[in-house]
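Remarks on the overall topology
Given next are the chains, with one letter for each unit.
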Amino acid sequence: MYVKGLAAFAAAVGVGLLSGAAIAQEVKQEKQSVLGNANVSPVTQEQLNAADKNAKDFLLTNGNYAQTRFYPGKQIGRDNVKNLHVAWIFQTDVKESLETSPIVVDGVMYVTTSFSHVYALDAKTGQQLWHYAHKMGPITVYCCGPNNRGVQVLGDRVYLATLDSKLLALNAKTGEVVWTTNIADPELGYSETMAPTVVKDKVLIGTNGGEYGIRGFVRAYDAKTGKQLWNFNTIPENSVGVWATKDATGRDMHRNIQAEKDMLGKIGDPYAKLGGGVWQNPSVDLATNRIYFVVGNPSPDLDGSNRPGDNLYTNSLVSLDLDTGKYVCHFQYIAHDVWDLDAVSPTVLVDVKDKGGKSIPGVIHAGKTGHIYVHDRKDCSLIRFSEAMVPQENMWVLPTKEGARMLPGANGGVEWSPIATDPGQELAYAINLHQPMTYHVESSAYPNGKLWLGGAFKVIPSEKQSGNITAVNYNTGKIKWQVNTPEPMIGGILATAGGLVFTGEGNGKFAAYNSSNGKELWSFRAGAGVNAPPSSYMVGGKQYVVVGAGGNTQLDYKRGNNIIAFTLD
Amino acid sequence: MFGKLMIGGAALLLFAAEVRAETIEDKVQVCTGCHGENGKPVDKTIPTIWGQQAGYLYIQLRDFKRGDRKSEIMQPIATQFERDDMLAIAEYFSQKPWPDLGQPHAPKDVAAKAVAASASVGCPACHLDRFQGDGTVPRLAGMGRDYLAKTIADFRTRARGNNPGMSDLMLATSPDDLAALVEYLAGL
């Protein structure tokens, strides 16, 4: 409790005046794990398969294996959402960026914090049941905050991936460690911030590190033992591709193909340190046994001079066979990216209309470019892309030493934030950033696992930033409605059968909107940035909406340590 | 200054042969010659290592040994250590209290300029809230002003060559803004 008291004191007097040592303790907890007892039933694969129809629990990071973030309960609806009030607030021990997607199983909630802590809470009261405080190794190398985006539960185990690149199985009842597996060497720039996806006794995990010259991957581990089952390198040994000169929308990317070919002749294929991190969960198509995910930027981010070729499969949608990890198909949005406008927001599986108007299984992804891309699930091909949700200017001007202005800025568009969908309305809901930036290029050799940006992207201080919530009809590509927000948005969004979408802002506002027209119906001020995806669940016959309010490291939004649950009277 | 460094170097040579047999306190004795008995460096261009992030200290020792970071003083010292020694030394100093160097807070206008410059290239995304650092990223809050200024200048010329990403970011930031950042960080 000392730590929480200190946090409250710091907030009261203004943290900037406190001594550094005290602040360090507040932010970087050295807390011990507290084992406890969460009376939870084991989660079966059948339950996970049917998560999209289950309004009682919130079993998967993005609601279900299709990752629709569409919650099927409707006790909280357009007429009564104005009566929503705080059910409870749980204060974690870590006051840093919160990106957790709360998982709810049988009245027990699992949330995570920065620095890879896990809490089991009573979903009705917010009472702590246990706390796993990960003993972090001294070497962590990560981009954009010490974040963790959540856990996944299968059987009686909770699966967690940590900042020091380990995969853990915890006892869901007590928080005790069942097994630990090293995923990759953090000294080379590997780290984990994503939630694992658990399916058919496999734990699926990607890796961060695209800013550090890693070679990215998606892997499956045995859920029972932690043994690796398969590995898919997101960068194939032949990463050159087809020398694409245009992006997915047909715009010229101003590549100097001859110079790249000359460089390829000199240095060979640059696959070994080409980046290609995977930041977010794959979607799982249970019918075809395939997974779909997106791969992030090449290393170094802004300097393409030493990485000739399309840099496959960076900035791409990729599909694999779930059982073997074998490649099925891919689609690259931006070949040879030098803007870090990569693919990070999780994929969503929905039925979509093909170009002839026929309904087919589709997969959609919201890009940092500000487009929602709609694909045929069969072969990953692009069916359409949406109108741009944010201003686009001067695309694709090449970065320069002095800095070249281009919109969107390097954070997007849509960052890692998951989108939500409402298939009944054929709408996808995305939160966007608008940050005018200049793109700068510098060239340097591979720095042994250190930050390797190949330049800088720089916010232009004199230009206004903003954000928006946008509803896009994925069958037409048209924007249905858009709500502008005063600051760039990062975190996530949830749609419900009650005709609502819930999302939060960096200024602490958390609000519900009419999902058909964007009208604001309710809001709350959390006191710290609400930059995490909301979840919803039922316990004791009542629907709750829960969200983390911990601010954001990447955009430096006000930090907090609150998990806040709301319900009706 | 130079004399003190020489003393440090001589102490090193004496202890290097028996590095395995010594306790951690013996091993770190050589460090105090420059980095200070009480955590306050003896010279303003020498960094604070008491209370610094363990991962960062380890990486610097590793890089001195590899020659990725150049220093006539530090390279021969680090060369004596194996990885486990480096990790132990890093852990030892990370557990010490961060010393207050008594540097004044930056004036409001300077702080505002520094915060804007920092936001522009995203310093807090790695150095975290209030520049406390974590893992392999150093704490900058309250670091010696002269060391900060020298390090930033060395990043800009790439004389400090073991983090080209930092060089890129410093080159994208104007000297004027960097001067404000030095004042601001030193006074945190």
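Use the structure listed above.
Note that this is a predicted model, so its numbers are computed, not measured.

Cut-offs used in this document
- Residues numbered from 1 in each chain as written.
- Chains lettered and ligands numbered in written order.
- Predicted model: local features only at pLDDT ≥ 70, side-chain atom pairs only at ≥ 80, totals over all residues.
- Heavy atoms only, no water.
- Helix = DSSP H or I, 4+ residues; strand = E, 2+ residues; numbered from the N terminus.
- Expected span 1.5 Å × (residues − 1).
- Buried < 20%, exposed > 50% of the residue type's maximum accessible area, 1.4 Å probe, protein only.
- Contact = heavy atoms within 4.5 Å.
- Polar contact = N/O pair within 3.5 Å; in protein donor to acceptor, adjacent residues only side chain to side chain.
- Disulfide = S-S within 2.5 Å.
- Pairing = 2+ DSSP bridges.
- Axes fitted to C-alpha atoms, helices over the stretch in contact; angles between N-to-C directions.
- Parallel < 35°, antiparallel > 145°, perpendicular 65-115°, else oblique.
- Left-handed = near helix turned anticlockwise from the far one by under 90°.
- Salt bridge = Lys/Arg side-chain N within 4 Å of Asp/Glu carboxyl O.
- Core = buried A, V, L, I, M, F, W, Y, C linked by side-chain atoms within 4.5 Å.

To continue, consider helix H3 (residues 54–66) of chain B. What sets the pattern is the α-helix's 3.6 residues per turn: residues three or four places apart point alike. Residues and elements named next belong to chain B. Compared with an ideal rise of 1.5 Å per residue, which puts 13 residues at 18 Å, H3 spans 18 Å between its outermost C-alpha atoms and is within 8% of the ideal. For H3, the tally of buried residues reaches eleven of 13 residues, placing the bulk of the element in the interior. Turning to H3, its buried residues are Ala54, Gly55, Tyr56, Leu57, Tyr58, Ile59, Gln60, Leu61, Arg62, Asp63 and Phe64. Looking at the buried side of H3, the elements it contacts are helix H4 (74–79), helix H5 (83–94) and helix H8 (145–157). Gly67 sits one or two residues past H3 and shows a positive phi near 85 degrees.

Residues and elements named next belong to chain A. Structurally, Ser316 is set in strand S17 (residues 316–321). Overall, the relative accessible area of 0% leaves Ser316 in the buried class. Engagement of the side chain of Ser316 in a polar contact is seen with the backbone oxygen of Thr314, the distance being 2.9 Å. Sequence-distant contacts of Ser316, defined by excluding residues within four places in its chain, comprise Phe293, Val294, Val295, His330, Phe331, Gln332, Tyr333 and Ala343.

All names here are of chain A. If you walk through the whole model with that rule in mind, you get two disulfides over all chains. A sulfur-sulfur distance of 2.1 Å marks the disulfide that ties Cys143 to Cys144. Residue classification places Cys144 among the buried positions, given a relative accessible area of 13%. A sulfur-sulfur distance of 2.1 Å marks the disulfide that ties Cys329 to Cys380. Between Cys329 and Cys380, the disulfide has an S-S torsion of 60 degrees and is therefore right-handed. Of this pair, Cys329 sits in strand S18 (residues 327–332) while Cys380 sits in the loop between strand S21 (372–376) and strand S22 (382–385), and the two are 51 residues apart along the sequence.

Residue and element names in this part refer to chain A. With mixed pairing, five strands are arranged side by side in an open sheet as S1-S30-S31-S32-S33. In this open sheet, the two strands that pair with only one neighbour each are strand S1 (70–71) and strand S33 (520–525). Bridge analysis of strand S32 (residues 509–514) against S33 gives five bridges, and the strand direction is antiparallel. By the bridge assignment, Lys509 is partnered in S33 with Arg525.

All names here are of chain B. At a closest axis distance of 8 Å, the pairing of helix H6 (residues 108–121) and helix H10 (residues 175–186) adopts a crossing angle of 115 degrees. As far as their axial angle goes, H10 and H6 are roughly perpendicular. As H6 packs across H10, the resulting crossing turns out to be left-handed. Across the interface between the two elements, Val110, Ala111, Lys113, Ala114, Val115, Ala117 and Ser118 from H6 touch Asp176, Asp177, Ala180, Leu181, Glu183 and Tyr184 from H10.

Here we come to unusual backbone geometry. All names here are of chain A. Between Ser299 and Pro300 the backbone carries a cis peptide bond, its omega angle lying at -10 degrees. Along the chain, the position of Pro300 falls in the loop between strand S16 (290–295) and S17. Following Leu407, the chain continues into Pro408 via a peptide bond in cis, with omega recorded as 0 degrees. In this structure, Pro408 sits in the loop between strand S23 (404–406) and strand S24 (420–422). For Asn315, which is not a glycine, the phi torsion comes out positive at approximately 55 degrees. Looking at where Asn315 falls in the secondary structure, it is placed in the loop between S16 and S17. Unlike most non-glycine residues, Glu426 shows phi in positive territory, near 60 degrees. Mapped onto the elements, Glu426 comes out in the loop between S24 and strand S25 (427–434). Residue classification places Glu426 among the partly exposed positions, given a relative accessible area of 26%.

Quick look at the pattern of salt bridges now. All told, the structure shown has 34 salt bridges over all chains when counted by the stated rule. For B:Arg83, the salt bridge is made with A:Glu187, and the minimal N-O distance between the two is 2.8 Å. Linking B:Arg83 in helix H5 with A:Glu187 in the loop between strand S10 (177–182) and strand S11 (197–199), this pair reaches from one chain into another. Taking the relative accessible area as the measure of exposure, B:Arg83 reaches 41% and is therefore partly exposed. Three or more residues joined by partner-sharing salt bridges are found here, namely A:Glu96, A:Asp556, A:Arg559, B:Asp129 and B:Arg130.

So, about the nonpolar core. Among the nonpolar cores identified, the biggest contains 86 residues, and A:Tyr333, A:Trp339, A:Trp396, A:Tyr439, B:Phe93 and B:Leu169 are the most heavily contacted of them. Core analysis: the next-biggest nonpolar cluster, separate from the first, contains 57 residues, A:Val198, A:Val218, A:Phe232 and A:Phe293 among them.

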